[in-house]
Amino acid sequence: MKRVLFSLSLLTFLSSVFIACEQEKTWREENSEELARLYPNESSELAWVMREISAKTELVKSQVENGEEVDNIIDVFKQVHDAEATKPEVKTEAFANMASSFVDSFDRLLESQEGDRIKAYNMMIQNCVVCHTTYCPGPLVRIEKLKID
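Quantities reported herein were computed from a predicted structural model and do not represent experimental measurements. (Residues numbered from 1 in each chain as written. Predicted model: local features only at pLDDT ≥ 70, side-chain atom pairs only at ≥ 80, totals over all residues. Heavy atoms only, no water.)

Draft legend 1. Seen up close, helix 6 (residues 93-111). Here helix 6 is 19 residues long and its end C-alpha atoms lie 27 Å apart, about the 27 Å a rise of 1.5 Å per residue gives. Taken as a whole, helix 6 has its buried residues at Phe95, Ala99, Phe102, Val103, Ser105, Phe106 and Leu109. Considered in projection along helix 6, the buried side chains sweep an arc of 155° and stay on one side of the axis. For helix 6, the exposed residues lying more than 90 degrees away from the buried face are Glu93 and Glu111. Each element contacted by the buried residues of helix 6 is listed here: helix 4 (45-65), helix 5 (74-78) and helix 7 (117-135). Among the residues of helix 6, the N-terminal cap falls to threonine 92, whose side-chain oxygen and the backbone nitrogen of alanine 94 are separated by 3.4 Å. (Helix = DSSP H or I, 4+ residues; strand = E, 2+ residues; numbered from the N terminus. Expected span 1.5 Å × (residues − 1). Buried < 20%, exposed > 50% of the residue type's maximum accessible area, 1.4 Å probe, protein only. Arc of directions from axis to C-beta. Contact = heavy atoms within 4.5 Å. Polar contact = N/O pair within 3.5 Å; in protein donor to acceptor, adjacent residues only side chain to side chain.)

Take a look at the structure:
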């Protein structure tokens, strides 16, 4: 009897996990039409992750400006470590260190008190600036606009 109950419980759990995974859409899937219009050429996985980070950072900026709690979207930011770059030689030890610094700065933002949140947020954006100055300067103007005065 215990085996039957265990088997049914396991089957129910695995089924619910499978269904949940099937139903969850990624940011890229949810915004596919708009992204296809904005970026008609093929992009690397890292480029797509950076676009998602940019969109999520806009949300975080709004939350910080409005004195709201910041959504914990650290998993999106951590994707930088594993995403495939257009030029694989970019993924050096220095890149990995900068990516870790970025993720750490978001952790500090999450832990910051309301009065320190703008400073913590701007430090996170500064981490973006430093990395992009070295590796991919194209979006620097856009990144600079993410700062809060």
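That was the structure; now back to the text.
Draft legend 2. Focus on the nonpolar core. The biggest cluster of nonpolar side chains holds 31 residues, and the ones touching the most others in it are Val60, Phe77, Phe106, Leu109, Tyr121 and Met124. The dominant element in this core, judged by the number of residues it contributes, is helix 7, at 7 residues. (Core = buried A, V, L, I, M, F, W, Y, C linked by side-chain atoms within 4.5 Å.)

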